Amino acid sequence: MLLGTGIDICSVERMEKITVESSFFRKYFSEEEQSYIIGKGNVKYNTMAGIFAAKEAFVKALGTGFTDAGLKEISICHDPQGCPYYKPEDMLWEKLRKLHIKKMHLSISHEAGIAIAMAVAEGEQ
């Protein structure tokens, strides 16, 4: 059963201004995300914007905002085919269970300097 959806957009230019050397980057992106972003070379800011939008979309799908989830508690990972997925920290999984969420779906896209992400919360009421 669909329990919530969230969508967010993020400007690539905004991420370029922040840079991967900033405290913002270290504060809001997990070490795994930081390595993945830096490894993307010339498109690292597109990737950074997509991951940031995915985190915002996640909390919108929950309907709680960041009151129940911190940006670093939500990691965006990629499977061998490059498909993104959410990897919440253990404490966040407990919060998701209380909201009856069993799975989170994620889609990210980039075009013309904008990244967009959509999250879908699935579970039972």
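Residues numbered from 1 in each chain as written. Predicted model: local features only at pLDDT ≥ 70, side-chain atom pairs only at ≥ 80, totals over all residues. Heavy atoms only, no water.

Before going further, it helps to spend a moment on the pattern of salt bridges. Where side chains of opposite charge bring their charged atoms close, a pairing between them can arise. Taken as a whole and judged by the stated rule, the model has 6 salt bridges. Close ionic contact of Lys-87 with Glu-32 constitutes a salt bridge, the shortest N to O distance being 3.1 Å. With Lys-87 in strand β3 (residues 84-88) and Glu-32 in helix α3 (residues 31-38), the pair connects residues that are 55 residues apart, well separated along the chain. (Salt bridge = Lys/Arg side-chain N within 4 Å of Asp/Glu carboxyl O. Helix = DSSP H or I, 4+ residues; strand = E, 2+ residues; numbered from the N terminus.)

Further remarks concern the nonpolar core. Of all hydrophobic cores here, the largest spans 33 residues; its most connected members are Met-15, Met-48, Phe-58, Tyr-86 and Met-104. Among the elements of the structure, α1 (12-18), α4 (44-62), β2 (74-78), α5 (90-98), β4 (101-111) and β5 (114-123) are those that each provide at least two residues to this core. The element that contributes the greatest number of residues to this core is α4, accounting for 12 residues. Those residues in contact with Met-48 that lie beyond four places of it in its chain are Met-15, Ile-18, Thr-19, Val-20, Phe-25, Phe-29 and Ile-37. (Core = buried A, V, L, I, M, F, W, Y, C linked by side-chain atoms within 4.5 Å. Buried < 20%, exposed > 50% of the residue type's maximum accessible area, 1.4 Å probe, protein only. Contact = heavy atoms within 4.5 Å.)

Moving on, we get to the sheet that holds β5. Taken in spatial order, the 3 strands of this open sheet run β1-β5-β4, and their pairing is antiparallel. Two strands bound the open sheet, and with one partner strand each, they are β1 (2-11) and β4. This sheet shows a mean twist of 15° between the axes of neighbouring strands, independent of strand direction. Inspection of the sheet shows β1 paired to β5 by 9 bridges, in the antiparallel sense. Bridge assignment links Ser-11 to a residue of β5, and that residue is Ile-114. (Pairing = 2+ DSSP bridges. Axes fitted to C-alpha atoms, helices over the stretch in contact; angles between N-to-C directions.)

Further remarks concern α4. With 19 residues, α4 should reach 27 Å at 1.5 Å per residue; the first-to-last C-alpha distance of 27 Å fits that figure. Count one or two residues on from α4 and you reach Gly-63, which has phi positive near 80°. (Expected span 1.5 Å × (residues − 1).)

Any functional reading would require information beyond the geometric quantities listed.
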